Amino acid sequence: MAREPHDYDDIPGTFVFDAEKSRQGYGINMFCMSLMKDANRREFKANEAEYLKKFPLTPPQTQAILKRDYNRMLELGGNIYFTAKLGATDGHSFRHLAAVMTGSSQEDYAAMMLAGGRSVEGNRSKSGKAKPAAAAKSKPKSKRVSKSRSQRG
Amino acid sequence: MARIIAGVASSHVPAIGAAIDNKQTEEPYWKRVFSGFEKSKEWMAKTKPDVAIVVYNDHASAFSVEIVPTFALGCAAQFPPADEGWGPRPVPVVQGHPELAAHIAQSVILDEFDLTIVNKMEVDHGLTVPMNLLFGSPEQWPCPVIPLAVNVVLYPPPTGHRCYMLGKAIRRAVESYPEDLRVVIFGTGGMSHQISGPRAGLINSKFDKAFLDNLTKDPKKLTRIQHLEFMREAGAEGIEMVMWLIMRGALDDDIEEVYRFYTVPASNTAVGHIILENKRRPAKGKKAAARNKPVAGSKKPVAGKHKRAAARADYRNVRRGKR
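Here goes a summary of the coordinates provided.

Quick notes on the rules
Residues numbered from 1 in each chain as written. Chains lettered and ligands numbered in written order. Predicted model: local features only at pLDDT ≥ 70, side-chain atom pairs only at ≥ 80, totals over all residues. Heavy atoms only, no water. Pairing = 2+ DSSP bridges. Helix = DSSP H or I, 4+ residues; strand = E, 2+ residues; numbered from the N terminus. Axes fitted to C-alpha atoms, helices over the stretch in contact; angles between N-to-C directions. Contact = heavy atoms within 4.5 Å. Buried < 20%, exposed > 50% of the residue type's maximum accessible area, 1.4 Å probe, protein only. Lys, Arg positive; Asp, Glu negative; His and termini not counted. Salt bridge = Lys/Arg side-chain N within 4 Å of Asp/Glu carboxyl O. Polar contact = N/O pair within 3.5 Å; in protein donor to acceptor, adjacent residues only side chain to side chain. Parallel < 35°, antiparallel > 145°, perpendicular 65-115°, else oblique. Left-handed = near helix turned anticlockwise from the far one by under 90°. Nonpolar A, V, L, I, M, F, W, Y, C, P; charged D, E, K, R; others polar. Core = buried A, V, L, I, M, F, W, Y, C linked by side-chain atoms within 4.5 Å. Buried area = accessible area lost by both parts, 1.4 Å probe.

## Thoughts on the sheet that holds strand β7 (residues 145-150) of chain B
All names here are of chain B.
- Read across the sheet, 8 strands follow the order β6-β3-β7-β2-β8-β1-β10-β9 without closing on themselves; strand pairing throughout is mixed. If you trace the sheet from one side to the other, it starts and ends with β6 (116-118) and β9 (255-266), each paired once. Ignoring which end each strand starts from, the neighbouring axes of this sheet average 20 degrees apart.
- The sheet contacts of helix α5 (residues 125-135) involve β1 (3-10), β2 (51-56), β7, β8 (182-188) and β10 (269-278), and relative to β8 the element is tilted by about 120 degrees.

In C-alpha cells:
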C-alpha cells in the first residue's frame, strides 16, 4: 500500500518522524539506542556490518548506516535524537551532522546560525502555496476570540 | 491549599548544558545567552518555590521507541541525571515530590487526562538545563521537582489545545492539595529550531516573538496553532513549544509578565525565556467561587476577581460540549 499523503509532506527538507516512519525505522532507532552502552559502541566499531545484523534492518537501512548517510537514515525511519547517538559514537559534534544533512561545510553552517539561522522565507512550502502563519501573529483581536470558540467542537 | 504562583518558560538546548559543564559560560558566545538569565536567577532566588513542576521532553534517554507515552508524570522520590552518551551531566540528583505527584496523577486522570505514571525515570538535559538556567549550579537543587515528560519526538505530539487544558487540570489538582505549597511550573523546549534534514538550522524570530507576546496576552490564540504550522514556521523540532502551553494553562488568564529574554542562536536553536506571575491570590473558600459562577451559557466576560470562577465554568462547558 502506498504511503498515505500528509499535509506536512509539503514542508521542504523535512522528514517528519510519524507513526509510519517509526514503524519503518524501529531497527535503526533501536540500533542507535544500543550505542548508549560503551560495550556496544566498541563492538559496533570493531565490526560494523556484523553488529548491524543483530537488528531488524533492511539492506538500504544497513547501507545508510554504514555510509553515515544521515538524511537517508531519516528518510528510512530514523529519528534525529537517535541517529545523533551514532554521530556521538563516531566522535562527531552535532554541527558535523547538521553540515552533512544540509550539504554545507561545518564553517558555513556555523556562520549561518550566527547570522540568525536559516530564514523561513522561501523554506515554508514545496508547493509554494503556504502563506505566512496567521495564528501566531500578535495584536490579538480579543473580541473575536470568544466568537470562535466552537473551533474545537 | 497549594497554589501555582508563577510560570517559567525556557529553551533547553543541550549545548547550554555542555557550556555549563565545561565552564564556558564566560566565553562571548555563551555569555550572550547566560547573561539573559541573570535576572531570572535573582527572581527565582527571591521567589523560593516549595515545589517546581517541570514540563519537558525526553530525548531518547529514558524513553526509546519501545514505549512512547504522550504525558508521563514522574512520581518517584528521585530522578537521576541520564547518561546521554557522554556520561551523566554533573548535576545533582533531582528530588521528587511523590505525595503531590501522586495527588496530581489521581486528580488529572479523573479529570480525563490519561497520563502515564512513572516511578522510575532518569532525566536528561530537557529537564536539567532549564533548572540550571533558573537555579544556577548548586550542590543540591533548592526544591523538589515533579517532572512531566511530554512526547514531542514521535509525531503527533499532543495538540497545543490539549496541552493548555492539561495545564488547567494540573492547576485544579494543585489547588486541591491540602498542604500550603507555593508551586512554580516550567514549560521548556523551543523556540524555533530544526535539527534534522536539509532544512536544519531554521530559525523564525518573528514567529517566536509573536508567540511570546501571545503567551502573555492571548494564549488561547496559541492553542489554535496546528502542528503543521508549528513545523512549517518554527521548524520540525520547534513543535516543542506546545509544552509551554501546559505551563500557561496552569496560570490565571490575566497574568503579569515579569521578565522576557530572547536571543539567536544557541547552537541550532532560538533561545526564548519568559517569567509570568499570577497577579492575585486565589479566592479563599468555595463560597466565593460559587458566588461568582456565571449563568450557564453566558459568554459575557466577567470582570476582575470573578475571572477564575468564570474560567472554570467555561472549562466545564467545554467538556460537556457546550462550546
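Read on for the rest.
## Section: the side chain of D124 of chain B
- Summarising the element assignment, D124 of chain B is placed in the loop between β6 and α5.
- Buried charge without a partner: D124 of chain B forms no salt bridge, and the closest opposite charge is K85 of chain A, 7.1 Å away.
- At 2.7 Å, the side chain of D124 of chain B and the backbone nitrogen of H59 of chain B are in polar contact.
- With residues near it in sequence (within four places) discarded, D124 of chain B still touches Y56, N57, D58, H59, S61, A82 and E84 of chain B.

## Some remarks on the packing of helix α6 (residues 160-175) of chain B against helix α10 (residues 242-249) of chain B
All names here are of chain B.
- Orientation of α6 relative to α10, taken along the N-to-C sense of each, is 30 degrees, at an axis distance of 6 Å. Taken together, α6 and α10 sit at an angle that is classed as roughly parallel. As for how α6 packs across α10, the hand of that crossing is right-handed. Counting all contacts with α6, which are made through G160, C163, Y164, L166, G167, K168 and I170, the residues of α10 involved are V242, L245, I246, R248 and G249.
- Considering only residue class, the contact of α6 with α10 consists of 7 nonpolar, 3 polar and 2 charged.

## Brief notes about helix α8 (residues 94-102) of chain A
Residues and elements named next belong to chain A.
- Among all positions in α8, only L97, A98, A99, M101 and T102 are buried.
- The inward-facing, buried residues of α8 abut α6 (70-75), α7 (80-89) and α9 (106-114).
- Directly beyond the C-terminal end of α8, a positive phi value near 65 degrees is found at G103.

## Thoughts on the pairing of β2 of chain B
Residue and element names in this part refer to chain B.
- Within β2, 6 of the 6 residues are buried, which leaves the element mostly enclosed by the surrounding structure.
- In terms of strand pairing, β2 meets β8 through 5 bridges, oriented parallel. Bridge pairing in β8 links V55 to G187.
- Bridge count for β2 against β7 is 5 bridges, and the pairing is parallel. When the sheet's bridge partners are listed, V55 is paired in β7 with L148.

## Digging into the nonpolar core
Residues and elements named next belong to chain B.
- Within the largest apolar cluster, 68 residues are counted, with the highest numbers of intra-cluster contacts made by I104, V108, L148, I170, F211, L215 and I246.
- Element by element, the count of residues in this core is highest for α6, at 8 residues.
- Contact partners of I170, with chain neighbours within four places excluded, come to I4, I53, V108, L148 and I246.
- Membership of the second largest hydrophobic core comes to 43 residues, among which are F37, A76, V94 and I275.

## A few points about the pairing of β1 of chain B
Residues and elements named next belong to chain B.
- Extensive coverage of β1 is indicated by the burial of 8 of its 8 residues.
- Where β1 meets β8, 7 bridges bridge the pair, whose relative direction is parallel. If you follow I4 over to β8, its bridge partner there is V183.
- Here β1 pairs with β10 via 5 bridges, running antiparallel. Along β10, the bridge assignment pairs S10 with H273.

## Regarding the packing of helix α2 (residues 26-34) of chain A against α7 of chain A
All names here are of chain A.
- With their axes 8 Å apart at the nearest point, α2 and α7 run at an angle of 45 degrees to one another. The pairing of α2 with α7 is recorded here as oblique in orientation. Where α2 crosses over α7, the two elements pack in a sense that is left-handed. Counting all contacts with α2, which are made through I28, N29, F31, C32 and M33, the residues of α7 involved are F82, T83, K85 and L86.
- When its residues are assigned to classes, the contact of α2 with α7 shows 6 nonpolar, 2 polar and 1 charged.

## Thoughts on the interface of chain B and chain A
- The interface of chain B with chain A comprises 57 residues on the first partner and 60 residues on the second.
- Each partner contributes to the roughly 5000 Å² buried at the junction of chain B and chain A, and carbon and sulfur atoms together form 61% of this total.
- Our enumeration of links across chain B and chain A arrives at 2 salt bridges.
- A salt bridge links R124 of chain A to E233 of chain B, with the shortest nitrogen-to-oxygen separation between them at 2.6 Å.
- Our count for the chain B to chain A interface comes out at 18 residue pairs in polar contact (both at pLDDT 80 or more).
- For the side of chain B that touches chain A, the secondary structure elements donating two or more residues are α7 (205-217), α8 (219-222), α9 (227-234) and β9 of chain B.

## Comments concerning the pattern of salt bridges
- The full count for this structure, using the stated rule, is 22 salt bridges over all chains.
- With its nearest N and O atoms 3.1 Å apart, the salt bridge here joins E121 of chain A to R124 of chain A.
- The shortest N-O distance in the salt bridge between R171 of chain B and D252 of chain B comes to 2.7 Å. One end of the pair, R171 of chain B, is in helix α6; the other, D252 of chain B, is in the loop between α10 and β9, and 81 residues separate them in sequence. D252 of chain B carries the same exposure label as R171 of chain B, and that label is buried.

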